[in-house]
Amino acid sequence: MTAVTDRAAASRAVPAGTVMPAGTVMAAGTVMPVSPITAWSIGAPRLLAGLDRAERVDHVTHTAIHGALPATDNAHLLGLLDASALYGRGGAGFAFARKLRSLAGPATRVVVNGAESEPASRKDRALLTRVPHLVLDGAISVGRAVEAREITVAVHDAAAYSSLARAVQERTEATRVQIVRVDGGFVGGEEHALLRGLAGDTSIPAGRRRPVSADGVLLSNVETFAQLAVLLRRGPHRFADTGTRDEPGTTLVTVGGAVARPGVVEIPLGTPLGILMTAAGAAPAQAVVIGGYHGSWLPPAGEIALNRAGVAAAGGTFGAGVVLVVGADTCALGELGRIAHWLAAQSARQCGPCHFGLPALATDVEALYRGTAPALAAAFGHARAVDGRGACRHPDGAARFVTSGLHLLQDEIDAHLRGGCGRPLLRQLPMGGHR
Amino acid sequence: MRIEIDWTRCDGHGLCAALMPQRIRRDEWGFPLIDSVGLDQRESAAVRRVVAACPALALRIAHDQPQPVARA
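Residues numbered from 1 in each chain as written. Chains lettered and ligands numbered in written order. Predicted model: local features only at pLDDT ≥ 70, side-chain atom pairs only at ≥ 80, totals over all residues. Heavy atoms only, no water.

**Student:** What is the right way to read the overall build of chain A from this model?
**Tutor:** Within chain A, the secondary structure is distributed over 16 helices and 13 strands. Taking all 435 residues of chain A together, 58% fall into the buried category. A separation of at least 24 residues holds for 73% of the contacts in chain A among residues at least 6 apart in sequence. Carbon and sulfur atoms make up 54% of the accessible area of chain A, which totals about 16300 Å². (Helix = DSSP H or I, 4+ residues; strand = E, 2+ residues; numbered from the N terminus. Buried < 20%, exposed > 50% of the residue type's maximum accessible area, 1.4 Å probe, protein only. Contact = heavy atoms within 4.5 Å. Areas by Shrake-Rupley, 256 points an atom, 1.4 Å probe, with all protein chains shown as cover.)

**Student:** Would you explain the sheet that holds strand 3 (residues 109-114) of chain A in this entry?
**Tutor:** In any sheet, the strands associate via hydrogen bonds between backbone groups, in a parallel or an antiparallel arrangement. Residues and elements named next belong to chain A. Taken in spatial order, the four strands of this open sheet run 5-4-3-6, and their pairing is parallel. Every interior strand has two partners, whereas the edge strands, strand 5 (177-181) and strand 6 (217-221), have only one. Averaged over all pairs of adjacent strands, the angle between strand axes in this sheet comes to 20°, irrespective of strand direction. The pairing of strand 4 (residues 150-155) with strand 5 spans five bridges and is parallel. For Ile-151, the partnering residue across the bridge sits in strand 5 and is Val-177. Along the sheet, helix 9 (residues 222-239) makes contact with strand 3 and strand 6, crossing strand 6 at roughly 90°. (Pairing = 2+ DSSP bridges. Axes fitted to C-alpha atoms, helices over the stretch in contact; angles between N-to-C directions.)

**Student:** Would you mind showing me how to read the pattern of salt bridges here?
**Tutor:** Opposite charge on two side chains allows them to pair when their charged atoms are near. Residue and element names in this part refer to chain A. Overall, the coordinates contain 27 salt bridges over all chains when judged by the stated rule. The partner of Arg-46 in a salt bridge is Asp-241, with the nearest N and O atoms 2.7 Å apart. Taken together, the residues Arg-46 in the loop between strand 2 (39-41) and helix 2 (59-66) and Asp-241 in the loop between helix 9 and strand 7 (250-257) connect sequence positions 195 residues apart. For Arg-46, a relative accessible area of 6% translates into the label buried. Of the charged contacts in the structure, one is a salt bridge between Glu-150 and Arg-109, with a shortest N-O distance of 3.5 Å. Taken together, the residues Glu-150 in strand 4 and Arg-109 in strand 3 connect sequence positions 41 residues apart. Salt bridges linked by common partners bring Arg-89, Lys-123, Asp-124 and Glu-223 together as one network. (Salt bridge = Lys/Arg side-chain N within 4 Å of Asp/Glu carboxyl O.)

**Student:** How should I be thinking about the packing of helix 6 (residues 132-145) of chain A against helix 7 (residues 158-170) of chain A in this particular structure?
**Tutor:** Relative placement of two packed helices is described by the angle separating their axes and the distance separating the axes. Residue and element names in this part refer to chain A. Across the interface, helix 6 lies against helix 7 with an axial gap of 9 Å and an inter-helix angle of 65°. Put simply, helix 6 runs roughly perpendicular to helix 7. As for how helix 6 packs across helix 7, the hand of that crossing is right-handed. Along the contact surface, helix 6 presents Pro-132, His-133 and Leu-136, while helix 7 presents Ser-163, Leu-164, Ala-167, Val-168 and Glu-170. (Parallel < 35°, antiparallel > 145°, perpendicular 65-115°, else oblique. Left-handed = near helix turned anticlockwise from the far one by under 90°.)

**Student:** Could you clarify how one ought to interpret the interface of chain A and chain B in this entry?
**Tutor:** One frequent convention defines the size of an interface as the accessible area lost when the parts assemble. Taken residue by residue, the interface counts 32 residues in chain A and 17 residues in chain B. For the pair chain A and chain B, the two sides together bury roughly 2100 Å², of which 61% comes from carbon and sulfur. If you look at where chain A meets chain B, you find one salt bridge. In this structure, the salt-bridge partner of Arg389(A) is Asp27(B), at a minimum N-O distance of 2.9 Å. Across the contact surface, chain A and chain B share four residue pairs in polar contact (both at pLDDT 80 or more). Elements with a contribution of two residues or more to the side of chain A that touches chain B: strand 6, helix 13 (352-370) and helix 14 (376-386) of chain A. Among the elements that line the side of chain A that touches chain B, the one with the most residues is helix 13 of chain A, at five residues. Residues that form the side of chain A that touches chain B fall into these classes: twelve nonpolar, 13 polar and seven charged. (Buried area = accessible area lost by both parts, 1.4 Å probe. Polar contact = N/O pair within 3.5 Å; in protein donor to acceptor, adjacent residues only side chain to side chain. Nonpolar A, V, L, I, M, F, W, Y, C, P; charged D, E, K, R; others polar.)

**Student:** How should the confidence of the model for chain A be read in this particular structure?
**Tutor:** Any region with low pLDDT has predicted coordinates that should not be read closely. Per-chain confidence: chain A averages 87 in pLDDT, with 90% of residues scoring 70 or above. Across residues 1-33 of chain A the pLDDT falls below 50, and counting only partners more than four positions away or on other chains, this stretch makes 47 contacts in the model. (pLDDT = per-residue confidence, 0-100.)

**Student:** Would you mind going over the environment of Gly79(A) with me for this structure?
**Tutor:** All names here are of chain A. Residue position: Gly-79 is located in helix 3 (residues 74-83). Judged by its relative accessible area of 37%, Gly-79 is partly exposed. Expressed as a C-alpha distance, the spacing of Gly-79 and Pro-236, which sit 157 residues apart in the sequence, is 9.1 Å.

Below you can see the structure in the form of structure tokens.
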């Protein structure tokens, strides 16, 4: 794949006279002729620093903004992580320090997971295409600390690949970094599936639930490594000067659905949902989906704090930070049904309860949408029937997504049983059709 | 003690449920629903028989708590 940087074309991508809100960084056509990833921030940007000056932060600019990469070793790294908690940013929120400590013996590999298989999420691609050196800083530092023999970055698309390949050439370290494109579905980002994909096999989860750290693999999400690069330079005290006490620092969220400014947003952890919705230009909303399609439907309550604890207190999961607004003008039950069918189609079809149960669950939701059957009890039954009964967390996440929607949309379900809600199905929830 | 299922292997043959109906039921598609709560040593012979009988080799005895699955 040839990398073509066309700054003139990039500037043309912004229509003349467009007024962007303060702090907005317009994504430019970076490397590939694909729709660019808009990235902006609420509060001072850390990960996204420099994007007000450049569409992609090269190594010279990166060093000018962040300074040289400090040396580190395992003890130093663990000290930083103990002083300032850093949770994995791929969805499960595993403490990075725990991951580092659970490595059995010396690490053979550091794997940066950029599969970003959550269909609405764009944050990892935003980092890889626009600020690749932060990700490489994190990966190389961890690689040195654990004396890894191999550093691999798994990416999903060509734009991320070429940006990263260019970034590796821009750097001077002797450390070798391998970049691999993986092309899995929703379950392809699960860590065992990813390792299988990297080994050239089909990207499907393994049957046995054995942590990959037991095999000397330190695997984490793209953003985790970028955050680590920030922590290494700022130190724990300055890292914690934003965010909450238990979850310090910033995070990336991907905001979408019924909003005027969809994109990737860097926010202080704990930012209220209402502030994000206002900044993103959200339409009047009847619901939000937080945590992506393994996440939850929640009421659009402005006070929900966007961090793990805040979303959990509201009854959801923060996941990989996807926030989707369901507008008041669309048929929410129809939106739920579309995604339920999509989730069923994403099953790797390895495990019976998921293979049979998710389509049954989707059919129940469709029956509720059509108002033809009182299928609510059946839907909850099928959700219970798949929960926890698979090799990976796909059935659990899909069940959580659908049941949270059914709980929130009780009035909608009643309306549909009486003949319909009267709203068209606007397909506001993105489906990731490119996969 | 609990019985762990490798869901990628299980084909829902149902031998486990036939051998240990007091502990194992089948869902509407025939896949096992195992109640491991309070499973103790007195049942270990029956458990071993169930594990050995599975034609798909999908069952094993585990003594730990279920392993959390960390996603990246």
